[in-house]
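Understanding the architecture of this molecule
Residue strings, one per chain:
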Amino acid sequence: MRIILYTGKGGVGKTSVAAATGVTLAAQGLRTLVMSTDAAHSLSDSFDQPLGSSPVPITERLWGQEVDSLRETERHWGAVQGWLAGLMNWADLSDVTTEEMLVFPGMEELFSLLEIKRHAASGNYDVIVVDCAPTGETLRLLSYPNVLGWWMDKIFPYERRLVKLVRPVAKIVTGGLELPDDNVMNSIESLARELELLQSLILDSETTSIRMVLNPEKMVISEARRAFTYLNLFGFNTDAVVVNRVLPEEAATGYWAGWRAAQNKYEEEIRDCFSPLPIFRIPLMKSEVHGLPLLAQMGEAAFGGRNVSEVLHLGKVQDIRKEDDYFLDLTLPFIDKSDLSLSQKGDELTVQAGPYKRKVVLPRILLGRPIAGARFTEQKLSIRFGERELPQEPKKEENDESR
């Protein structure tokens, strides 16, 4: 069983790459489901056929699904949403705006991702390809079950008992306000446990891989680097990068020459930033990609017949750990220690290794912390960061009398 999640900035062609991957895998004989968890679905347009909230057969071994986030929200959050609606009514805040606020930002997408767990448990598919929403924030949400699990184990039982004791009194004192009943509390607990199971499934690097789609453009690369840092920080296994819409060599002259030169520079930066991950290049196709024949062409151009259901890279490219100080570990294969140098500017760390550069966007926890030391052993560079530097107050100028 394999799960492949595609993420990337909006507009980079992530949906097309996910669909092309599904077509390629199905052609290789694997039962493949391609599902979209993006609220603004475009998977139907990519396959050029209507899809529904349940898997729809496309070919003999290929299915497609556009997850209905509203239905999934009702399934997982219905009881809590009902109680919140009652709370809003009690507070005389019942209007369209407050109804929209009954689901917290990002939760609809998180509920949609729970479909992955259900399909993985069904045994109906060999590979599940997921077209995620255009942001790494969905994946970041999956780190929350760590804290949520602790809260459920340590705090929630006491809160549950307290609410049960206070409920009759609260209704009298507050003039009819209903505290959450057992149905609501059970719903919260069930959701927390499901999220824990989903997180363990996606953190299993032998089962799940994250693949990043980007274009050779400055802003897209910057966002991809930032997302990559947090994917590593939260323990998700990124096993490949797909560079989409690369201009062909024929574009090196004439009107597109400037664009092609810029893309050459950005492709080199992509290699520097994401090495040693496999990097796949997809040329700018001659026409808009939709429908099975064109998706098959795109898959062939990207992967060249390679079995993309495999885990293409295993192991963290970068990791952050805390001992007495904070350490950033970077995997740097085929590098000699004497060629290494470091520089830090703002939230960017640059590792120079001979003629090559590796650029890393530092997470917030390391911002403002100077490099205090580094060690290179077994193809891994461990960088130690010191205490955060506090901004110095500007010196007050002496007045004439003190002079």
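Look up: the structure comes first, before these words.
1. Observations regarding the overall build of the chain
Counting its regular elements, the chain contains 12 helices and 15 strands. In the chain, buried positions account for 45% of the 403 residues. Once local pairs closer than 6 in sequence are excluded, the contacts in the chain between residues at least 24 apart make up 70%. Accessible area for the chain stands at about 21000 Å²; split by element, carbon and sulfur atoms hold 54% of it.

2. Thoughts on the packing of helix H1 (residues 14-27) against helix H12 (residues 292-303)
Angle between the axes and distance between the axes: these two values describe a pair of packed helices. Two elements in contact, H1 and H12, have axes whose closest approach is 8 Å; the angle formed by their N-to-C orientations is 90 degrees. Here H12 runs roughly perpendicular to H1, going by the angle between their axes. Side by side, H1 and H12 meet where Ser-16, Val-17, Ala-19, Ala-20, Thr-21, Val-23 and Thr-24 of the first sit next to Leu-292, Leu-295, Ala-296, Met-298, Gly-299 and Phe-303 of the second. Broken down by class, the residue content of the contact of H1 with H12 amounts to nine nonpolar, four polar and no charged.

3. Regarding the nonpolar core
Judged by nonpolar contacts, the single largest core of 70 residues is most densely connected at Ile-3, Tyr-6, Phe-47, Ile-116, Val-130, Leu-214 and Phe-274. Filtering out sequence-adjacent residues up to four positions away, Phe-47 remains in contact with Ala-19, Val-23, Val-34, Ile-58, Leu-62, Gly-291, Leu-292 and Leu-295. Tyr-326, Leu-328, Phe-376 and Ile-383 belong to the second largest nonpolar core, which has 17 residues in total.

4. Examining the packing of helix H10 (residues 218-233) against helix H11 (residues 257-274)
Viewed as axis vectors pointing N to C, H10 and H11 meet at an angle of 5 degrees, and their least axial separation amounts to 11 Å. The angle between H10 and H11 falls in the class roughly parallel. For the pair H10 and H11, the contacting residues are Lys-218, Ile-221, Ala-224, Arg-225 and Phe-228 in the first and Tyr-266, Glu-269, Ile-270, Cys-273 and Phe-274 in the second. Split by residue class, the contact of H10 with H11 holds seven nonpolar, no polar and three charged.

5. Focus: empty space enclosed by the protein
Overall, the coordinates contain two cavities of 30 Å³ or more when judged by the stated rule. By volume, the largest cavity is sized at about 50 Å³. As for the largest cavity, its lining consists of Arg-225, Phe-228, Thr-229, Cys-273, Phe-274, Gln-318, Arg-358, Lys-359, Val-360 and Val-361. At the level of elements, H10, H11 and strand E13 (356-361) are the ones that each hand at least two residues to the lining of the largest cavity. Tallying contributions element by element places E13 first for the lining of the largest cavity, with four residues. In this structure, the second largest cavity encloses a volume near 40 Å³. What lines the second largest cavity is simply Thr-229, Asn-232, Leu-233, Gln-318, Asp-319, Ile-320, Leu-328, Val-360 and Pro-363. Breaking the lining of the second largest cavity down by element, the ones donating at least two residues are H10 and strand E9 (318-322). Of the residues contributing to the lining of the second largest cavity, the split by class is five nonpolar, three polar and one charged.

6. Section: H12
For H12, spanning 12 residues, the distance from its first C-alpha to its last is 16 Å, which sits close to the expected 16 Å at 1.5 Å a residue. For H12, the full list of buried residues reads Leu-295, Met-298, Gly-299, Ala-302 and Phe-303. Buried residues of H12 fall within an arc of 105 degrees about the axis and therefore sit on the same side. Residues of H12 that are exposed and point over 90 degrees away from its buried face: Pro-293 and Glu-300. Along its buried surface, H12 packs onto strand E1 (2-7), H1, helix H2 (43-47), strand E7 (238-246) and strand E8 (279-283). Of the residues flanking the end of H12, it is Gly-304, one or two places downstream, whose phi is positive at about 55 degrees.

7. Details of the packing of aromatic side chains
For the structure on display, the rule yields four aromatic pairs. Seen in terms of ring centroids, Phe-280 and Phe-303 are 5.2 Å apart; in terms of plane orientation they differ by 75 degrees. Their pairing is edge-to-face. Taken together, the positions of Phe-280 in strand E8 and Phe-303 in helix H12 put the pair 23 residues apart, joining distant regions of the chain. Assigned by exposure class, Phe-280 and Phe-303 land together as buried.

8. Details of the environment of Phe-228
On the secondary structure map, Phe-228 appears in helix H10. Residue Phe-228 is classed as buried on the basis of its relative accessible area of 3%. Sequence separation of Phe-228 and Gln-318 is 90 residues, and the distance between their C-alpha atoms is 9.2 Å. Non-local contacts of Phe-228, meaning those with residues more than four positions away in its chain, are made with Met-212, Thr-238, Cys-273, Phe-274, Leu-277, Val-317 and Gln-318.

9. Structural notes on the sheet that holds strand E15 (residues 380-385)
Strand order across the open sheet formed by four strands is E9-E10-E15-E14, with antiparallel pairing between neighbours. In this open sheet, the two strands that pair with only one neighbour each are E9 and strand E14 (371-377). Neighbour-to-neighbour, the strand axes of the sheet open up by a mean angle of 20 degrees, direction not taken into account. Summarising the sheet, E9 and strand E10 (residues 326-331) pair through five bridges and their orientation is antiparallel.

10. Looking at the sheet that holds strand E4 (residues 62-66)
The mixed open sheet is built from eight strands, whose spatial order is E3-E4-E2-E5-E1-E6-E7-E8. A single partner strand is all that each edge strand has here, and the edge strands are strand E3 (56-59) and E8. Across the sheet, the axes of successive neighbouring strands diverge by a mean angle of 25 degrees, strand direction being ignored. With five bridges connecting them, E1 and strand E6 (residues 208-214) associate as parallel partners. Paired with Leu-5 across the bridge in E6 is Ile-210.

Conventions adopted
- Residues numbered from 1 in each chain as written.
- Predicted model: local features only at pLDDT ≥ 70, side-chain atom pairs only at ≥ 80, totals over all residues.
- Heavy atoms only, no water.
- Helix = DSSP H or I, 4+ residues; strand = E, 2+ residues; numbered from the N terminus.
- Buried < 20%, exposed > 50% of the residue type's maximum accessible area, 1.4 Å probe, protein only.
- Contact = heavy atoms within 4.5 Å.
- Areas by Shrake-Rupley, 256 points an atom, 1.4 Å probe, with all protein chains shown as cover.
- Axes fitted to C-alpha atoms, helices over the stretch in contact; angles between N-to-C directions.
- Parallel < 35°, antiparallel > 145°, perpendicular 65-115°, else oblique.
- Nonpolar A, V, L, I, M, F, W, Y, C, P; charged D, E, K, R; others polar.
- Core = buried A, V, L, I, M, F, W, Y, C linked by side-chain atoms within 4.5 Å.
- 1 Å grid on protein atoms, 1.4 Å probe; cavity = no way out; pocket = protein on both sides within 12 Å on 5 of 7 lines; lining within 4 Å.
- Points joined across faces, edges and corners; volume = space filled by probe spheres on them.
- Expected span 1.5 Å × (residues − 1).
- Arc of directions from axis to C-beta.
- Phe/Tyr/Trp six-rings, centres within 6.5 Å; stacked < 30°, edge-to-face > 60°.
- Pairing = 2+ DSSP bridges.

Any link to function would need more than the numbers given here.
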